[in-house]
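Now for the letters of each chain:
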Number of protein chains: 2
Amino acid sequence: MALMDTEPMSRLLKLAKKFNCFYLSGLHASDCRAFVVDGQQVGLVRPNVMKELLSFPQVFQVQPEYVQLNPAFRDYAERSAKMEEVLKEWRDGGKFVTLRGWREECYEVRAHFNTQPLLKMDRSATCLFGIRNYGVDITGYVMDREKGLSIWLQKRSPTKQTWPGYWDNMVGGGLSVGYGIHETGIKEAGEEASIPTKHLGKLKSAGCVSFFFESERGLFPNTEFVYDLELPPDFVPCNGDGEVETFELLPVKECLERVLSPEFKTTSVPVVLDFLIRHGYITAENEPNFIKIVELLHVPLQTIYSQPQRKYKIEANGEANNSL
Amino acid sequence: MALMDTEPMSRLLKLAKKFNCFYLSGLHASDCRAFVVDGQQVGLVRPNVMKELLSFPQVFQVQPEYVQLNPAFRDYAERSAKMEEVLKEWRDGGKFVTLRGWREECYEVRAHFNTQPLLKMDRSATCLFGIRNYGVDITGYVMDREKGLSIWLQKRSPTKQTWPGYWDNMVGGGLSVGYGIHETGIKEAGEEASIPTKHLGKLKSAGCVSFFFESERGLFPNTEFVYDLELPPDFVPCNGDGEVETFELLPVKECLERVLSPEFKTTSVPVVLDFLIRHGYITAENEPNFIKIVELLHVPLQTIYSQPQRKYKIEANGEANNSL
């Protein structure tokens, strides 16, 4: 178990702080406003986005404390359509760098994970509103007779819209409108790594990780459902959708070094750390910041937007009285 | 995987809220004050304890916003001795119910888990000051050919000072002064369940759970280091220290029912839930509140007392100017 030196271990807390940069510092800064839909906070808006919202008073009511989607919109369909109009205008006008990666694939926006969706929006746009995103990640591993536990990683294609050419988990995908969690895992395992059905019987749910990252593109409060998949030693993943450049099988120690390198996608790090903790490779004995790291793998995203003391005034008027 | 009905699953969130009753409601109530040692918050004090502290102005400085151990005490030894004097006076005077369970076994008090201890106090007293406690729990399990994954539980002795006669995890113990984490696990496995060394090679670190419970005895911000131990089907644990009434091996489904019953020790529930999540028995597909439950198994105890905006005035005078 004394697998790693002290030195790479102290780098782990740095990494946990990096993928939680917004949770640890941005969140309590005063320059973001709550984004409210149907009386409930569903996100956060940064000043650069706020400025642009003022040009759409029929769609967004900007208040000193929060900004809300016009409560006159009656339902999911109307909210989604009005939001899409604005997003497409921004995209076509070259407003935000993230919208250059427009996907034609939508994420649901909900007040809580298990409540009815309030609207949907293109997945490239959710970071502009700090909408909670959900994904599924599969850690593929092999019990190698000589090298011990070894983990499959993928190198993302250099043409990917986000994190091109970075190292990543074997299989991962966002939870899009219309797909279940386990279903997304199975779908992505086929598309990204061509894993045959006979091997997927061993796919095992193992929890979830939650963190809150920020980049120049926007805000990323992400929850990833994590699955473990033990693979036979002779199986080699093979990409089916052009989104992966290559796969590589690494013994635990080398895998950890790769994860700690700047070539690894920051927002995929939590899944590997959680795997190495659950499997006994990162322990309270070899990592001095063990508890803090475990806590930073599970930040309270499900309650972060539900401050009971806040009440949002819902005025179902047409054009709002905006104030910045 | 579709192991459980919907109904017992919705009971899981209730349970997660129960072992986090203080985190979810008490924490933001205004009637507790920060407990400060050497300029750093290490705990919280409830009004019933606060009242008694006023009788010891040489030991505690009571301020409107916080209460601090007299900063004139120079070091670990002096702080520990002064604290012990007060605690023994309370114990002998029958002041607090928790002190009836005086243990002659101390816990360290630290600002962070991996920083130098500031003082020690009897483990029965830490809940009076909301001091973070650390423990080690071992989930013993068997892969039964017929019944599938089965988990060993213990029934606590009816003479235990806390939670007498309740069901509990196979092995668990607090991290006392002078013992390491893994070491505590090994020690307790021997004392509580007479597990022979040959079986302990399979002991596997698997993370930690953090939660914040409150009872009539006091405040419990607890972190438990969790270990998994696969045992051979023919092994039967046997108590060696008189603290256990009996052990029982239960298939997963029955184990979950036991955990959901009022006979299970509330503060041991998180360890079982974490085990069942990591092993794929509680999943995002069969538990609608999955993410919320995972987040409630890892509440941010390591940062809860480190509010950077707070500054505690350290006055190294003898008798303090108390104000309530």
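Just so we're clear, the structure is a prediction, and the values are computed from it rather than from any experiment.

**Q** Could you clarify how one ought to interpret the interface of chain A and chain B in this entry?
**A** When the parts of a complex come together, some accessible area is lost, and that lost area is often used as the size of the interface. On the chain B side, the residues contacting the 39 residues of chain A number 39 residues. Surface buried jointly by chain A and chain B totals about 2900 Å² across both partners, of which 63% is contributed by carbon and sulfur atoms. Area buried by chain A at its contact with chain B is led by A:I291, A:E295 and A:H298, which between them contribute 20% of it. The interface formed by chain A and chain B contains zero salt bridges. Taken together, chain A and chain B are joined by 14 residue pairs in polar contact (both at pLDDT 80 or more).

**Q** Would you mind going over the nonpolar core with me for this structure?
**A** Nonpolar side chains tend to gather and get buried jointly when the protein is soluble and globular. The biggest cluster of nonpolar side chains holds 74 residues, and the ones touching the most others in it are A:F212, A:L273, B:M170, B:I195 and B:F225. For this core, the leading source of residues is helix α8 (residues 269–278) of chain A, giving seven residues. Counting residues in hydrophobic clusters, the runner-up holds 73 residues, among them A:A193, B:A206, B:F212 and B:I291.

**Q** Got a minute to help me understand the relation of the copies chain A and chain B in this structure?
**A** For the pair of chain copies, the relating operation is a rotation around an axis with a shift along it. Here chain A sits on chain B after a turn of 180° about the axis and a move of 0.0 Å along it, with an RMSD of 0.0 Å. As the rotation angle and translation indicate, the two copies are arranged about a two-fold axis. If distances are taken from each C-alpha of chain A to the rotation axis, the shortest is found for A:H298, at 3.1 Å. Take the interface residues of chain A: 97% of them recur as interface residues in chain B, which is what a same-surface contact looks like.

**Q** Looking at this structure, how should I read the packing of helix α7 (residues 252–260) of chain A against α8(A)?
**A** Between two packed helices, what matters for the description is the angle formed by their axes and the separation of those axes. Residue and element names in this part refer to chain A. In the contact formed by α7 and α8, the axes pass within 11 Å of each other and the chain directions differ by 150°. With respect to each other, α7 and α8 are oriented roughly antiparallel. Once α7 is placed against α8, the crossing between them reads as left-handed. Across the interface between the two elements, V252, C255, L256 and V259 of α7 pack against V269, V272, L273 and L276 of α8. Classifying every residue of the contact of α7 with α8 by side-chain character gives eight nonpolar, no polar and no charged.

Rules behind the numbers
- Residues numbered from 1 in each chain as written.
- Chains lettered and ligands numbered in written order.
- Predicted model: local features only at pLDDT ≥ 70, side-chain atom pairs only at ≥ 80, totals over all residues.
- Heavy atoms only, no water.
- Contact = heavy atoms within 4.5 Å.
- Buried area = accessible area lost by both parts, 1.4 Å probe.
- Salt bridge = Lys/Arg side-chain N within 4 Å of Asp/Glu carboxyl O.
- Polar contact = N/O pair within 3.5 Å; in protein donor to acceptor, adjacent residues only side chain to side chain.
- Core = buried A, V, L, I, M, F, W, Y, C linked by side-chain atoms within 4.5 Å.
- Buried < 20%, exposed > 50% of the residue type's maximum accessible area, 1.4 Å probe, protein only.
- Helix = DSSP H or I, 4+ residues; strand = E, 2+ residues; numbered from the N terminus.
- Least-squares fit on C-alpha atoms with pLDDT ≥ 70 in both.
- Axes fitted to C-alpha atoms, helices over the stretch in contact; angles between N-to-C directions.
- Parallel < 35°, antiparallel > 145°, perpendicular 65-115°, else oblique.
- Left-handed = near helix turned anticlockwise from the far one by under 90°.
- Nonpolar A, V, L, I, M, F, W, Y, C, P; charged D, E, K, R; others polar.

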